[in-house]
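Coordinates in review
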Amino acid sequence: MVENNSVCDIGFIGLGVMGKNLVLNLADNGFSIAAFDLDASKVEDTIAQDMAETGLPSARVVGCSSYTELLACLKPPHLIVLSVPAGEAVDDVCENLIGAGIQPDDIVIDTGNSLWVDTVEREKKYHSNFILFSSAVSGGEVGARFGPALMPSGAPYAWTRIKPIWQAIAAKVDAKTGKPIERTKPGEVVNEGEPCAAYIGPAGAGHYVKMVHNGIEYADMQIICEAYQMLRDGVGLTSDEIADIFAQWNRGPLESYLMEISVEVLRHRVGADNTPLVELILDKAGQKGTGLWTAVSSLELGTPAPTIAQAVYARSISSFKELRVTAANVLQGPQISPFNELDKQNFIEQLHDAIYCAKICAYAQGFQLMKLAEKEHNWQLDFASIAKIWRAGCIIRAIFLQPITQAFARNPELDNLLLDDFFAEQLNQHQLNWRKSVANAALMGIPTGAITSALSYYDAMRCASSPANLLQGQRDFFGAHTFARVDKAASKKYHVNWSSAERDMVEV
Ligand SMILES: NC(=O)C1=CN([C@@H]2O[C@H](COP(=O)(O)OP(=O)(O)OC[C@H]3O[C@@H](n4cnc5c(N)ncnc54)[C@H](OP(=O)(O)O)[C@@H]3O)[C@@H](O)[C@H]2O)C=CC1
Ligand SMILES: O=C(CO)[C@H](O)[C@H](O)COP(=O)(O)O
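On a predicted model such as this, the values are computed, not experimentally measured, just so you know.

With that settled, the discussion passes to the site of ligand 1. In the neighbourhood of ligand 1, 23 residues make up the surrounding shell, with Gly16, Met18, Asp39, Gly112 and Asn113 lying closest. Partitioning the shell around ligand 1 into residue classes produces ten nonpolar, eight polar and five charged.

So, in structure tokens, the structure goes:
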């Protein structure tokens, strides 16, 4: 039991949704914590929850009312964990810690969704003040409480100190089946299995990997939402009927946390008239930035991630509610003919396969993006290990991460998941239904940007001869941008003198 004047293992700053739950998880795993939040009521609330959960007369968490008090409660060299919003708040806390007397050998772990380049800069900026280490966290509220996926990166020295703590609090997976070992009762920790915490690389690498995790999360969520709209507006099913279909899908290769929570959301009813909640939620999506950052990074690195980008655009389009309502009264779509039972069954089966294939493409895009980033930034990412730590605890956890882990274990140099034997076979088997589903959506006038973009990506990636030859011709015509030729060495560049009558071609 920690008394107020005791020396604690870890200092924790930011007791919001994630922070409070990470603190309780750390305490369950036997670490003594001193906790601080700008809002004193959040400190009190954390302590009250801790005592309520343990039933003990005093808390395992020491509440602090200032940065100075927090540092004074910790064993030197200090280990401090931050869970605050990305951006200014992180620097704010760092500056306050410097003001409170933090030492150069103290370690500060940023667990928020910081932009990875900010993390790289911060590691340098605070180098003489303390060791900034980052560890992105995924799993939301419940993951933080009972086992998140953790993506640590930064100085290897800091990792040796943090590793046993992170491996203790992380989600765990059964090594044989790849399935999460879940216990969600306070105090009942999971000690067995493989921890979902693996060192990712130097500063910024962990936040980059978490950013891509979130980009994939955006795509995965959008794909499920498009299926929902196809079933709601295309087939005319109720929320409960859609929940039944999703629940059935959740027992096959589409089994995932996101599918599972979609069923829960669809089934939830509220009010005296028992209305499905989903019908009362305004159709305007929020976003905090990580999906956008992923799409921007893919554009900057020149690697295609169209399904992730489409998922970001879908959220943007959703935010134009008033404009969409106006346009709905002006712009026409097709009439949707009623279904007979056989058509309905076929439609649902095709949609299932479309989601599965689109999902494979979204993950392929995310992993290819990380591979390009690895090259660009000279990291050494272990993709099998990244897939492994995403099998439990995080928001995109799914049965599907096991074959991805196996694909990268078989071939760590795999350029794209689509080329793995297992996934190629799955795509070959299901692509026809995917096409039918995309055609159904187009004929019905139902927007399926993510599912459709994934199909275009798939077709573009398997296209040995793209139309970029014409594009290069266009560029050379208006801007003398030159082109390479299929019948000459790729390094040689040519230009046609388009404005001359002869249109002579020269090697440049
Ligand atoms: N929610 C989620 O599912 C996930 C969130 N994350 C990331 O984790 C971090 C925390 O998220 P979450 O818990 O949801 O956020 P919350 O908004 O619930 O909590 C944020 C905490 O940060 C504190 N804070 C804000 N600004 C400052 C500041 N300038 N100085 C000191 N403390 C400050 C807040 O204090 P105050 O009490 O004053 O409000 C609050 O306690 C974010 O970076 C988020 O992106 C990562 C994975 C999942
Ligand atoms: O990191 C997370 C999950 O992995 C956070 O929940 C994040 O906030 C999700 O992003 P957004 O708010 O943009 O939907």
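So, about the sheet that holds strand E8 (residues 172–173). With respect to topology, three strands assemble into an open sheet ordered E9-E8-E10, the strand pairing being antiparallel. Here the strands that pair on one side only, and so sit at the sheet edges, are strand E9 (180–181) and strand E10 (194–195). Inspection of the sheet shows E8 paired to E9 by two bridges, in the antiparallel sense. Of the residues in E9, the one forming a bridge with Val173 is Pro180.

Once that is clear, we can look at the UniProt feature "active site" (unreviewed entry) in the protein. The sites that UniProt annotates as "active site" (unreviewed entry) are Lys210 and Glu217. In this fold, Lys210 is placed in helix H8 (residues 205–235). Discounting residues that sit within four places of it in the chain, Lys210 has contacts with Asn113, Ala136, Ser138 and Met151. In this structure, Glu217 sits in helix H8. For Glu217, a count of 23 C-beta atoms within 10 Å gives the class buried. Beyond its immediate chain neighbours, meaning those up to four positions away, Glu217 contacts Ile395 and Ile396.

This part takes up helix H2 (residues 40–54). Taking 1.5 Å as the rise per residue, H2 with 15 residues should run 21 Å; its terminal C-alpha atoms sit 22 Å apart, in good agreement. Taken residue by residue, H2 has Val43, Thr46 and Asp50 as its buried positions. Down the axis of H2, the sector holding all buried residues measures 65 degrees, keeping them to one side. Projecting away from the buried face of H2 at angles above 90 degrees are the exposed residues Ala40, Ser41, Ala48 and Ala52. Where H2 is buried, its residues touch helix H1 (17–28), strand E2 (33–36) and strand E3 (61–64). Backbone geometry just after H2 places Gly55 at a positive phi near 75 degrees.

The next point concerns the pairing of E3. Across the two faces of E3 the burial is the same, with Val61 and Gly63 and Val62 and Cys64 all buried. In this structure, E2 lies alongside E3, joined through four bridges in parallel fashion. The residue bridging Phe36 from the neighbouring strand is Cys64, located in E3.

To continue, consider the site of ligand 2. The local shell around ligand 2 consists of Asn113, Ser138, Gly140, Asn214, Glu217, Gly286, Gln287, Lys288, Thr290, Gly291 and Ile395. For the shell around ligand 2, the elements supplying multiple residues, two or more each, are H8 and helix H11 (290–301). Counted by class, the shell around ligand 2 contains one nonpolar, eight polar and two charged residues. Looking at which domains feed residues into the shell around ligand 2, each of domain 1 (10–203) and domain 2 (208–461) gives three or more.

The subject of this paragraph is the UniProt feature "binding site: substrate" (unreviewed entry) in the protein. The positions UniProt marks with the feature "binding site: substrate" (unreviewed entry) are Asn113, Ser138, Gly139, Gly140, His213, Asn214, Tyr218, Lys288, Arg315, Arg475 and His481. Maximum C-alpha separation among the annotated residues is 48.8 Å over a sequence range of 369 residues, too wide for a single clustered spot. Inspection of the secondary structure assignment puts Ser138 in strand E6 (residues 131–138). Excluding residues that lie within four positions of it along the chain, Ser138 makes contacts with Gly143, Pro148, Ala149, Lys210, His213, Gly393, Cys394 and Ile395. By the element assignment, Gly139 lies in the loop between E6 and helix H6 (140–146). Judged by C-beta crowding, with 26 C-beta atoms within 10 Å, Gly139 ranks as buried. Excluding residues that lie within four positions of it along the chain, Gly139 makes contacts with Ala144, Pro148, Ala149, Ala171, Gly393, Cys394 and Ile395.

The assigned domain composition of the protein is domain 1 (10–203), domain 2 (208–461) and domain 3 (468–507). Spacing between the C-alpha centres of domain 2 and domain 3 amounts to 40 Å.

This paragraph deals with the environment of Ala384. Relative to the assigned elements, Ala384 resides in helix H15 (residues 383–389). Remark: the alpha-carbon pair of Ala384 and Gln406, spanning 22 residues in sequence, is separated by 7.0 Å. Sequence-distant contacts of Ala384, defined by excluding residues within four places in its chain, comprise Thr405, Phe408, Ala409 and Pro412.

This next bit is on the nonpolar core. Here is a general trend for soluble globular proteins: nonpolar side chains tend to be buried in one another's company. Counting 144 residues, the largest nonpolar core has Ile33 and Ala35 as its most contacted members. When residues are assigned to domains, this core turns out to be shared by domain 1 (10–203) and domain 2 (208–461), each giving three or more.

By the secondary structure assignment, Ile98 is in helix H4 (residues 88–99). With 14 C-beta atoms counted inside 10 Å, the residue Ile98 sits in the partly exposed group. The spacing of Ile98 and Tyr126 is 28 residues in sequence and 9.1 Å in space, taken between C-alpha atoms.

This paragraph deals with the sheet that holds E2. Pairing is mixed across the open sheet formed by seven strands, whose spatial order is E3-E2-E1-E4-E5-E6-E7. Looking at which strands have only one partner, the edges of the open sheet turn out to be E3 and strand E7 (149–153). For this sheet the average axis-to-axis angle between neighbouring strands, irrespective of direction, equals 25 degrees. Along the sheet, H2 contacts E2 and E3; its crossing angle with E3, the most-contacted strand, is approximately 165 degrees.

With that settled, the discussion passes to the packing of H8 against helix H14 (residues 341–377). Where H8 meets H14, the axes come as close as 10 Å, and the angle between the chain directions of the two elements is 165 degrees. The orientation of H8 with respect to H14, classified from their angle, is roughly antiparallel. Judged by the sense of rotation from one axis to the other, the crossing of H8 with H14 is right-handed. Here Tyr208, Val209, Val212, Gly215, Ile216, Ala219, Asp220, Ile223, Ala227, Met230, Gly234 and Val235 of H8 lie close against H14, whose contacting residues are Lys344, Phe347, Leu351, Ile355, Ala358, Lys359, Ala362, Tyr363, Gly366, Leu369, Met370 and Ala373. Here the contact of H8 with H14 is built from residues that sort into 18 nonpolar, three polar and three charged.

The rules behind the values
Residues numbered from 1 in each chain as written. Chains lettered and ligands numbered in written order. Predicted model: local features only at pLDDT ≥ 70, side-chain atom pairs only at ≥ 80, totals over all residues. Near = placed C-beta within 6 Å. Nonpolar A, V, L, I, M, F, W, Y, C, P; charged D, E, K, R; others polar. Pairing = 2+ DSSP bridges. Helix = DSSP H or I, 4+ residues; strand = E, 2+ residues; numbered from the N terminus. UniProt positions renumbered as here; feature names shortened; annotations may be inferred. Contact = placed C-beta atoms within 7 Å. Buried ≥ 20, exposed ≤ 12 C-beta atoms within 10 Å, placed from the backbone. Expected span 1.5 Å × (residues − 1). Arc of directions from axis to C-beta. Domains from an automatic or database assignment. Core = buried A, V, L, I, M, F, W, Y, C linked by C-beta atoms within 7 Å. Axes fitted to C-alpha atoms, helices over the stretch in contact; angles between N-to-C directions. Parallel < 35°, antiparallel > 145°, perpendicular 65-115°, else oblique. Left-handed = near helix turned anticlockwise from the far one by under 90°.

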